[in-house]
Amino acid sequence: MKPSIESSTMETAILDGKALSGKIKVEIAAEVSEWVQKGHRKPHLAAVLVGNDGASRTYVDHKVRSCEQVGFDSTLIERPSDITQADLLAIVDGLNRDNGIDGFIVQLPLPSHIDDQAIIEAVDPLKDVDGFHPSNMGNLALGLPGFVPATPAGIMAMLDRYNIDTEGKHAVVIGRSSIVGTPMSLLLSRSGSPGNCTVTLCHSRTQGLADHCRQADILVAAVGIPGMVKADMVKEGAVVIDVGITRVEDATAKRGFRLKGDVDYTDVAPKCSWITPVPGGVGPMTIVSLLRNTLVAAQRTASHH
Ligand code: NAD
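Residues numbered from 1 in each chain as written. Predicted model: local features only at pLDDT ≥ 70, side-chain atom pairs only at ≥ 80, totals over all residues. Heavy atoms only, no water.

(A) Seen up close, the layout of surface pockets. The volume enclosed by the largest pocket comes to roughly 1400 Å³. Lining the largest pocket are 48 residues, with Tyr59, Thr151, Ile245, Gly283 and Thr286 positioned closest to its centre. Elements with a contribution of two residues or more to the lining of the largest pocket: helix H1 (17-37), helix H2 (54-70), helix H6 (150-161), strand E9 (246-249), strand E10 (257-260) and helix H10 (282-304). For the lining of the largest pocket, the element with the most residues is H2, which contributes nine residues. Across the lining of the largest pocket, the residue classes break down as 23 nonpolar, 16 polar and nine charged. The calculated volume of the second largest pocket comes to roughly 540 Å³. What lines the second largest pocket is a set of 24 residues, and nearest its centre among them are Val148, Ala153, Met156, Ala157 and Arg292. Elements that contribute at least two residues to the lining of the second largest pocket include exactly H1, H6 and H10. Broken down by class, the residue content of the lining of the second largest pocket amounts to twelve nonpolar, seven polar and five charged. (1 Å grid on protein atoms, 1.4 Å probe; cavity = no way out; pocket = protein on both sides within 12 Å on 5 of 7 lines; lining within 4 Å. Points joined across faces, edges and corners; volume = space filled by probe spheres on them. Helix = DSSP H or I, 4+ residues; strand = E, 2+ residues; numbered from the N terminus. Nonpolar A, V, L, I, M, F, W, Y, C, P; charged D, E, K, R; others polar.)

The structure is reproduced here in structure tokens:
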């Protein structure tokens, strides 16, 4: 039986993002094939990758490969790190105008000579499948339809599919970035299921972080400090969602590094009702949310033509 937050004899269960994302990909693939059978073209996602950052390349490769798995078309546009802002804006403009592209992302972070915000704001909100444009962020804050950033959307999908009860619970989110922590806090607090949480948003200036965390029925860590959440910061029976992914050097690992979450998993897991592993938790859910956004974008494009 699935443990509930109230259960006293606690058993930890894993929120398996890898397995769940595989299942959701199968569902998306079925929807795509139905869509194509109706005479529509395949949904098409483009990704723009600037420079040679290893982690960014890995993420973009995963996104492109996942598009193929569900039957989307994908286009990868690669440019060197010395591209000018004007040239990058021209690429964005071209993608905005291209009727063959349903949605696109510009992988962040961008080189320091480029103003990330100027690029984000240049993306057509209807093609902004990352959900970073102010208009999509505004819709999110107002509870209106729009594209929701993939990582928080993936976490909400995970809570939903695992039937985690969020109604009236106290959720503590650590991290206030515009791509994870802030949208996460909005989604958890908004009316709906999952949702209806009472939310505390903690950040680098928060005083008494551990005390806040100990109040959490649902704890979401999105900081980027490996292992910072320890067992003494977690309430017995909490649901713990670890968004952090940091590359930590490890000579014994094949690639020379391991991915570490913000949660000290071995310390914290015995105390939780549910916990996400790193890797294999939030990461794969992020990718399926991007696919879902792209399918929605394709359906919208079709209804406008
Ligand atoms: P960010 O650097 O933009 O934001 C980090 C946040 O943590 C900030 O809001 C800051 O206020 C807060 N913070 C910093 N130090 C703190 C402290 N000591 N105590 C409390 N709060 C503190 O990072 P981000 O883009 O939100 O990403 C956070 C982590 O999540 C990173 O490890 C990133 O790699 C990872 N991430 C994972 C996915 C995924 O798909 N799994 C997606 C996006 C980001």
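Having put the structure on the table, let's press on.
(B) How the structure looks around the sheet that holds strand E4 (residues 103-106). The three strands are arranged E3-E2-E4 in an open sheet whose pairing can be described as parallel. Of all strands in the sheet, those with a lone pairing partner are strand E3 (73-79) and E4, marking the two edges. Averaged over all adjacent pairs, the angle separating strand axes in this sheet is 15°, with direction ignored. Note that strand E2 (residues 44-50) and E4 share four bridges and pair parallel. Bridge pairing links valine 48 to valine 106 in E4. Contacting E2, E3 and E4, H2 crosses the sheet at an angle of about 160° to E3. (Pairing = 2+ DSSP bridges. Axes fitted to C-alpha atoms, helices over the stretch in contact; angles between N-to-C directions. Contact = heavy atoms within 4.5 Å.)

(C) Quick peek at unusual backbone geometry. The omega torsion of the bond from serine 193 to proline 194 falls at -5°, within 30 degrees of zero and hence cis. Take proline 194: it is sitting in the loop between helix H7 (181-189) and strand E6 (198-202). In this chain, valine 278 is followed by proline 279 through a cis amide linkage whose omega measures -5°. Mapping proline 279 onto the fold places it in the loop between strand E11 (274-275) and H10. Of note in this structure, asparagine 163 is not a glycine but carries a positive phi near 55°. Phi angles above zero are rare outside glycine, and asparagine 196 is one such case at about 55°.

The values are spatial; any link to function lies outside them.
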